[in-house]
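The chain contents come next:
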Amino acid sequence: MTVVGKHGVVHLTQRTDQSVGYSYWPAGAVIMPTATGFALSQRSIDNALSPIAIPALPSVRFNDLLTEGKLRSLTQAMCLTAANAAQGQQNEFLIDLKATPETAYHRLNSGKFGCAIEKLTVEFSSPTSR
């Protein structure tokens, strides 16, 4: 299947009550069904652009992460910098984004949202549960 449209598509898979697997495929990406959902096709991976050198993400907590496209912007920045972790907050909830050994980043095109992200872990918690 080929992702069509202006931006791309997000695919979430529930991992626990407080976490999801986050995948994002930009327009033009080819994805394939798998036994556990979907994955970027090898053809898309083989045609990915070379990584670019940009500074690492700052160690800050990004506020209002689930509004105004901030989550997509942060995950794209994580992809471009090959970041292992980032943190955000939405109201009283803390949001941890973590790359695991199964997480993959692929720059499929040079557009603003051209990075494919597979299986990034997104964990939600409240300050009192930490």
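As a reminder, the structure under discussion sits directly above these lines.
Residues numbered from 1 in each chain as written. Predicted model: local features only at pLDDT ≥ 70, side-chain atom pairs only at ≥ 80, totals over all residues. Heavy atoms only, no water.

1. Remarks on the state of the cysteines
Thinking step 1. All chains considered together, the criterion is met by 1 disulfide.
Thinking step 2. Sulfur-sulfur distance for the disulfide between C79 and C115 comes to 2.3 Å. Given an S-S torsion of about -75 degrees, the disulfide between C79 and C115 has left-handed geometry. Taken together, the positions of C79 in helix α2 (residues 70–81) and C115 in strand β9 (residues 115–125) put the pair 36 residues apart, joining distant regions of the chain.
Thinking step 3. On the basis of relative accessibility, which here comes to 2%, the residue C115 falls in the buried class. (Disulfide = S-S within 2.5 Å. Helix = DSSP H or I, 4+ residues; strand = E, 2+ residues; numbered from the N terminus. Buried < 20%, exposed > 50% of the residue type's maximum accessible area, 1.4 Å probe, protein only.)

2. Points about the nonpolar core
Thinking step 1. Among the nonpolar cores identified, the biggest contains 18 residues, and Y22, M78, L97, I117 and L120 are the most heavily contacted of them.
Thinking step 2. Counting only elements with at least two residues in this core, the list comes to β2 (19–26), α2, β7 (93–98) and β9.
Thinking step 3. Those residues in contact with I117 that sit more than four places away from it in its chain are Y22, S23, Y24, W25, T75, Q76, C79, A104 and Y105.
Thinking step 4. Membership of the second largest hydrophobic core comes to 7 residues, among which are W25, I31, L40 and A116. (Core = buried A, V, L, I, M, F, W, Y, C linked by side-chain atoms within 4.5 Å. Contact = heavy atoms within 4.5 Å.)

3. Some remarks on the packing of aromatic side chains
By convention here, two paired aromatic rings are described through the distance between centres and the angle between planes.
Thinking step 1. By the definition in use, this model includes 0 aromatic pairs.
Thinking step 2. For the cation-ring pair, R72 lies above F113, with the distance from its terminal atom to the ring centre recorded as 4.4 Å. (Phe/Tyr/Trp six-rings, centres within 6.5 Å; stacked < 30°, edge-to-face > 60°. Lys NZ or Arg CZ within 6 Å of the ring centre and 35° of its normal.)

4. What to know about unusual backbone geometry
Thinking step 1. Unusually for a residue other than glycine, D64 sits at a positive phi of about 50 degrees.
Thinking step 2. You can see D64 is positioned in the loop between β5 (61–63) and α2.
Thinking step 3. The backbone of K119 sits at a positive phi, close to 60 degrees, despite the residue not being glycine.
Thinking step 4. Take K119: its relative accessible area is 34%, and that puts it in the partly exposed class.

5. Focus: the environment of A86
Thinking step 1. Mapped onto the fold, A86 is located in strand β6 (residues 85–90).
Thinking step 2. The buried category is assigned to A86, whose relative accessible area is 13%.
Thinking step 3. Separated by 10 residues in sequence, A86 and D96 place their C-alpha atoms 6.1 Å apart.
Thinking step 4. A86 has contacts with L57, L74, M78, I95, D96 and L97, leaving out every residue within four places of it along the chain.

By themselves, these observations are geometric and do not establish any function.
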